[in-house]
Amino acid sequence: MLLRLLFVLLIALNIAVAAWLLLGDSGTHAVDPTDGGVPKLKLLTELPVPPGSTASPAPATTAAVASASSVGKPSAAASTPGQPSAPTPAATASAPAAKPPAKNIAAPSDPLAAATSAAPTSARRSYRCLALGPFANQVDLRAARSALAPRTVRSRQRQEQTSESRGWRVFLPALATREQALAQARRLDAKGIKDYFVVTAQGELQNSVALGLFHDPANARKRRDEVVAAGFPARMSERTETTPVWWLDVVVPDEASADIRRGIRTPGITARTTGCF
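Please read all numbers here as calculations on a predicted model, not as lab measurements. (Residues numbered from 1 in each chain as written. Predicted model: local features only at pLDDT ≥ 70, side-chain atom pairs only at ≥ 80, totals over all residues. Heavy atoms only, no water.)

Visitor: What's the story with the state of the cysteines in this structure? I'm lost.
Guide: What we call a disulfide is simply a covalent bond connecting the sulfur atoms of a pair of cysteines. This model, assessed by the stated rule, comprises 1 disulfide. Shown here is the disulfide that connects Cys129 with Cys276, its sulfur atoms set 1.9 Å apart. Sign of the S-S torsion, about 115° for the bond between Cys129 and Cys276, identifies this disulfide as right-handed. Note that Cys129 is positioned in strand 1 (residues 127-135) and Cys276 in the segment after strand 6 (270-273), a separation of 147 residues in sequence. Residue Cys129 is classed as buried on the basis of its relative accessible area, which comes to 2%. (Disulfide = S-S within 2.5 Å. Helix = DSSP H or I, 4+ residues; strand = E, 2+ residues; numbered from the N terminus. Buried < 20%, exposed > 50% of the residue type's maximum accessible area, 1.4 Å probe, protein only.)

This is the structure:
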């Protein structure tokens, strides 16, 4: 029942809307798009041309005509004798301003020569070449080179081989065979001489009898004399070893050579004059 009622109401509503659309007023009216009292906008091309605007020539044209007329006819001021003619404004405006004469600046033909002549000349300095060393290792050499770099013109390092004393040894000369060396050692022991040994290693001292190694040569001589007094031909010789050392050659001004010598902090390092490089 309710559905039928809703269906009837929907049909009636549709009929009412259709009748209003067909028979009712649309409600549209012609409306002026502009408000009252406000002037309308117009383009420049729509504006009327004012009278007399076409008769006035351009300022440039007027100036040109005036200049041409002044050339064709002499002015009244010019016809009066004794009075100089005043220049016309058009001629004054059209005449270019006079430029001041350019100065003739001569450019140097040789830039290097000009720079050399402009630079102040310093007095000639004299230099000295020194050899610093010997350094036992490269660590001390590099440290000294870095410390002296601000006072040196240039520097270089070099390596040399040197013989270094490692003490003094006392020994009996080598014999022909090992048996002879052992027999000699037994005779030493019989004389009460101790602290010896027979050298068996290959080399110039093989089959010799070593009697000791001493740092002080005085102690080495005392040991040698003791064995000689016992009736054995003992000898004494310096033990040397070849080791590398490093030198630092520097070029310094004469006035800085004393500072270089005082600036060496490593013990045993000397400074001597050497050839320049």
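Visitor: Is there a simple way to think about the pattern of salt bridges in this case?
Guide: A side chain with one charge may pair with a side chain of the opposite charge, provided their charged atoms come close. Tallying each qualifying case throughout the model produces 8 salt bridges. Arg166 is the salt-bridge partner of Glu164, the closest N and O atoms lying 3.5 Å from each other. Since its relative accessible area comes to 35%, Glu164 is described here as partly exposed. Of the charged contacts in the structure, one is a salt bridge between Asp189 and Lys194, with a shortest N-O distance of 2.7 Å. Look at Asp189 and you get partly exposed, because its relative accessible area is 34%. Classification of Lys194 by relative accessible area gives partly exposed; the value is 45%. The network of salt bridges with shared partners includes Arg156, Arg158, Glu160 and Asp249. (Salt bridge = Lys/Arg side-chain N within 4 Å of Asp/Glu carboxyl O.)

Visitor: What should I look at first to understand the sheet that holds strand 2 (residues 154-172) in this one?
Guide: The pairing of strands in a sheet comes from backbone hydrogen bonds and takes either a parallel or an antiparallel form. The sheet built from 6 strands is open, its strands ordered 3-4-2-5-1-6 with antiparallel pairing. The sheet terminates laterally at strand 3 (197-198) and strand 6, the two strands that pair on one side only. In this sheet, strand 4 (residues 209-214) lies alongside strand 2 in antiparallel orientation, the contact comprising 5 bridges. Residue pairing across strands places Arg169 opposite Leu213, the latter belonging to strand 4. (Pairing = 2+ DSSP bridges.)

Visitor: Please explain helix 7 (residues 178-190) as it appears in this structure.
Guide: Each α-helix winds once per 3.6 residues, and so residues spaced three or four apart point in a common direction. Taking 1.5 Å per residue as the helical rise, helix 7 with its 13 residues ought to reach 18 Å, and the 19 Å between its terminal C-alpha atoms agrees with that figure. Among all positions of helix 7, only Ala181, Gln184, Ala185 and Leu188 are buried. Each buried residue of helix 7 lies within a common arc of 100° when the element is viewed along its axis, so the set occupies one face. For helix 7, the exposed residues set more than 90 degrees away from the buried face come down to Glu179, Arg186 and Ala190. Check the buried side of helix 7 and you find it contacts strand 2, strand 3, strand 4 and helix 8 (217-229). (Expected span 1.5 Å × (residues − 1). Arc of directions from axis to C-beta. Contact = heavy atoms within 4.5 Å.)

Visitor: Looking at this model, I keep getting lost on the packing of aromatic side chains. Mind explaining?
Guide: Each aromatic ring pair is characterised by the separation of its centres together with the angle its planes make. For the structure shown, the criterion picks out 0 aromatic pairs. Arg154 extends its terminal NZ or CZ atom over the ring of Phe277, reaching a point 5.6 Å from the ring centre. Of note, Arg272 hangs over the ring of Trp247, and the distance from its end group to the ring centre comes to 4.1 Å. (Phe/Tyr/Trp six-rings, centres within 6.5 Å; stacked < 30°, edge-to-face > 60°. Lys NZ or Arg CZ within 6 Å of the ring centre and 35° of its normal.)

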